[in-house]
Amino acid sequence: MKNTRDAKAEEDLLERLGKLLKCLPNEHDKEYTRRFQLQHNTFFQKLIPTSVLENELEIVEDDYLKSLVSLEYLTNVIFSERKLIENLEKLQEVLVKVTKGTRRMDIGIISAEIGLYALDKPDLNKTSLSKIRERYNARNIAPPVSAKPAEPYYIAIAKMVYDLVSDENKPELAKAAGKNNLKALVFTDSMLSYIDSAAEKKKILKTLKDDVFNASVYVVDCLRKEASVDKLKKYMGVSDG
Amino acid sequence: MSSPTPTPKPRTKQVVPGFDIFFKDDFTIIDSEIARRLESPKPYIMDRDELWIMEKEQLYELGEKVASPPADAGQDYMKVYTETYLVKPIGNLQDMNEKYFSDNAAQIKELKKKFIESCLDMSQDLPKQFPGLYGQIGKELCSKIDSLGHDKHGSDIAGVFEQAGTEGILVVDKKVYDLVNTSNFILKYEKSFDPTGFSEICSKVSAPNPIPTPREVASILVSYKDHISPRAFPLIKDKIWCNDKSSELRIGGIYLIPEYRGRLDMLEDGYKSLLDLRIKREAAEEFGRGPV
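Conventions used here
Per chain, the residues get numbers from 1 upward, laid out in the order the sequence is written. Labels are handed out in written order, letters beginning with A for the chains and numbers beginning with 1 for the ligands. Given that the model is predicted, a residue must reach a pLDDT of at least 70 before its local features are reported, and side-chain atom pairs must reach 80 or more before they are shown or counted; all residues, however, enter totals for whole chains, interfaces and linings. A run of H or I in DSSP counts as a helix once it spans at least four residues, and a run of E counts as a strand once it spans at least two, with each numbered from the N terminus. Put plainly, a residue is buried at 20 or more neighbouring C-beta atoms within 10 Å of its own, exposed at 12 or fewer, and partly exposed in between, counting only other residues' C-beta atoms, which are placed from the backbone. Residue pairs qualify as contacts under a 7 Å threshold applied to their C-beta atoms, which are placed from the backbone. Note on residue categories: nonpolar means Ala, Val, Leu, Ile, Met, Phe, Trp, Tyr, Cys or Pro, charged means Asp, Glu, Lys or Arg, and polar means any other residue, Gly included. A strand pair is defined by DSSP finding two or more bridges across the two strands. In this analysis, axes come from line fits to C-alpha atoms, helices being fitted only over the stretch in contact, and the angle between any two N-to-C directions falls in the range 0 to 180 degrees. Multiplying 1.5 Å by the helix residue count minus one yields the expected span of that helix. Each residue carries a pLDDT value, the predictor's own confidence for that position, ranging from 0 to 100. Starting at the helix axis, one direction is taken to each C-beta atom, and the arc is that of these directions.

Visitor: Would you mind going over the overall build of chain B with me for this structure?
Guide: The number of helices and strands found in chain B is 12 helices and 12 strands. By the burial criterion, 28% of the 292 residues in chain B qualify as buried. In chain B, the share of contacts with a sequence separation of at least 24, taken over all contacts with a separation of at least 6, comes to 68%.

Visitor: Looking at this structure, how should I read the interface of chain B and chain A?
Guide: Many descriptions give the size of an interface as the accessible area lost when the pieces come together. Tallying the contact residues gives 20 residues for chain B and 15 residues for chain A. Among the secondary structure elements, those contributing two or more residues to the side of chain B that touches chain A are strand S5 (58–66), strand S7 (83–92), helix H11 (232–240) and strand S12 (254–263) of chain B. With 4 residues, H11 of chain B is the single largest residue contributor to the side of chain B that touches chain A. Among the residues forming the side of chain B that touches chain A, the class breakdown is 11 nonpolar, 3 polar and 6 charged.

Visitor: How should I be thinking about the sheet that holds S12 of chain B in this particular structure?
Guide: Ordered by their spatial adjacency, 8 strands build a closed barrel running S4-S5-S7-S6-S11-S12-S10-S9 (chain B), and the pairing between neighbours is antiparallel. Strand-to-strand twist of the sheet, defined as the mean angle between neighbouring strand axes without regard to direction, takes the value 35 degrees.

Visitor: For this particular structure, what's the right way to read helix H6 (residues 107–119) of chain A?
Guide: Counting along an α-helix, one turn takes 3.6 residues, and residues three or four places apart therefore face a common direction. Residue and element names in this part refer to chain A. The terminal C-alpha atoms of H6 lie 18 Å apart, and with 13 residues this matches the ideal 18 Å at 1.5 Å per residue to within 8%. When H6 is considered as a whole, its buried residues turn out to be Ile 107, Ile 109, Ile 110, Ser 111, Ala 112, Glu 113, Ile 114, Gly 115 and Ala 118. For H6, the elements touching its buried residues are helix H4 (61–78), helix H5 (83–98), helix H9 (179–192), helix H11 (212–225) and helix H12 (229–236).

Visitor: Explanation requested: the confidence of the model for chain B in the structure shown.
Guide: Any residue range with low pLDDT should be treated as having predicted coordinates unsuitable for detailed reading. Residue and element names in this part refer to chain B. Overall, the predicted model of chain B reaches an average pLDDT of 86, with 86% of residues at or above 70. Averaged over each element, pLDDT in chain B is lowest for strand S1 (residues 13–15) (55) and highest for strand S6 (residues 77–80) (98). Both scores are given for the predicted complex: the pTM is 0.87, the ipTM 0.92.

Visitor: Is there a simple way to explain the pairing of S12 of chain B in this structure?
Guide: Consecutive side chains along a regular strand alternate between the two faces of the sheet. Residue and element names in this part refer to chain B. As defined by bridge partners, strand S10 (residues 175–181) adjoins S12 across 7 bridges and the pair is classed as antiparallel. Considered in S12, the bridge of Leu 179 is made with Pro 258. In the sheet, strand S11 (residues 248–251) pairs with S12 via 2 bridges, with the strands oriented antiparallel. Bridge assignment links Ile 251 to a residue of S12, and that residue is Ile 254. The antiparallel pairing of S11 with S12 creates a hairpin that spans 2 residues between the two strands, and Gly 252 there sits at a positive phi of about 60 degrees.

Visitor: When you look at helix H4 (residues 105–119) of chain B in this model, what are you seeing that I'm missing?
Guide: Residues and elements named next belong to chain B. Taking 1.5 Å per residue as the helical rise, H4 with its 15 residues ought to reach 21 Å, and the 21 Å between its terminal C-alpha atoms agrees with that figure. Regarding H4, the residues found buried are Ile 108, Lys 112, Phe 115 and Cys 119. On an axial view of H4, the arc spanned by its buried residues comes to 65 degrees, and they lie on one face. For H4, exposure combined with an orientation more than 90 degrees from the buried face picks out Ala 106, Glu 110 and Glu 117.

Encoded structure:
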């Protein structure tokens, strides 16, 4: 049970996030009416472009929103190409085949594929990093100072984002001034459980407190360093036989 | 070579009952001007930035946050994701229209004047010479304005917003969602059910006392899963209730499901044209009463 101070801190944070989300220009105006409810559509319109939403992936429910945020951040900010999603779609076909449809895509499998995908990418060196940083800053939209306080509906949408981040890193949400800060945080936090090295994890957490962008880039680097087909198979629940 | 001088048209006499006579082409009502949009102020509700709901002309917004959906069926609420808010009334459409007219009185007065000037092509002195003409022109204007209204939504402003088979609308981010009660929502998917299952589901879902919650409707659907097309089943159920993070809206004891209709702009046009119609009608009536 939360104490009063924690509850107040959460309330303030949600109010701040709600204001940020409300102010964001929509990524698109499309309504996905067949299965999704009102709240999902608002979440999608504010944070996920259709290029990422419209994929063939069947992701487990608990990982669905954080996977979408992570894939959006990777394809539009870090790698600036959609190929990672296409690779995951092909991987899903394999997953369905080898598990006879019993397993669906989850964030573990996605993390392993990110690592393998990053192996084929040039190092995130100074030149490419500055370009990534440019993309990051260009779309890191923040609310104007004059923005009105968040309305209840957007506080609830903010709660959807809040719940995507682990308790350990929730305080970092308070530092998120813009859209990409949020996405980088959700991505970094989602991947942490899939970094094997405790030392690297510690380093990521330390970096996260100073600069969420650097932490997100470092996460990609760690996933790449630890990438292997065996790791992917492990997450897919597939043995060599 | 100069053009031939046109032959003057024969002039038609018009009689103003009980008064004098004058020539009909001394004044003209310009029909195209009657239909022209007024540069009237934007209706308040269209400018509203926060989520709002309209049910039977009553307007609502989200109010106080509460821990969970109230047990009292008379208490209106909306749950968005895990957050539950009481739904509170903020007035009704007619009151809002009256406020619109009183707050913008000076601008509307000016619009009325311009409207009359633009609709009538005649000498300023004519009605002064024939005082009965005010009433006659006013009457003709009213009848033309009324026929304009009947081409669109009649005079039913609420009809602009609410569609048949729905309970009202919800507007967020300038988008309109029709509010459909759970029974009507299921009715829309009749073809996805087998007839026995459908009639049994309908009777259970539309039980009046107490009206089943979305979660209960979802569990009714689950218990009849074999009677529903496998493809349609998750689409119907998940829109009503998916899990503890599903949204819920209850107004007047009825659970409502938001169904996307379109952008608010499309309603704004209809709503504004009815407000314009009222401005025009009042302008015509005031003209008909003659100079004050």
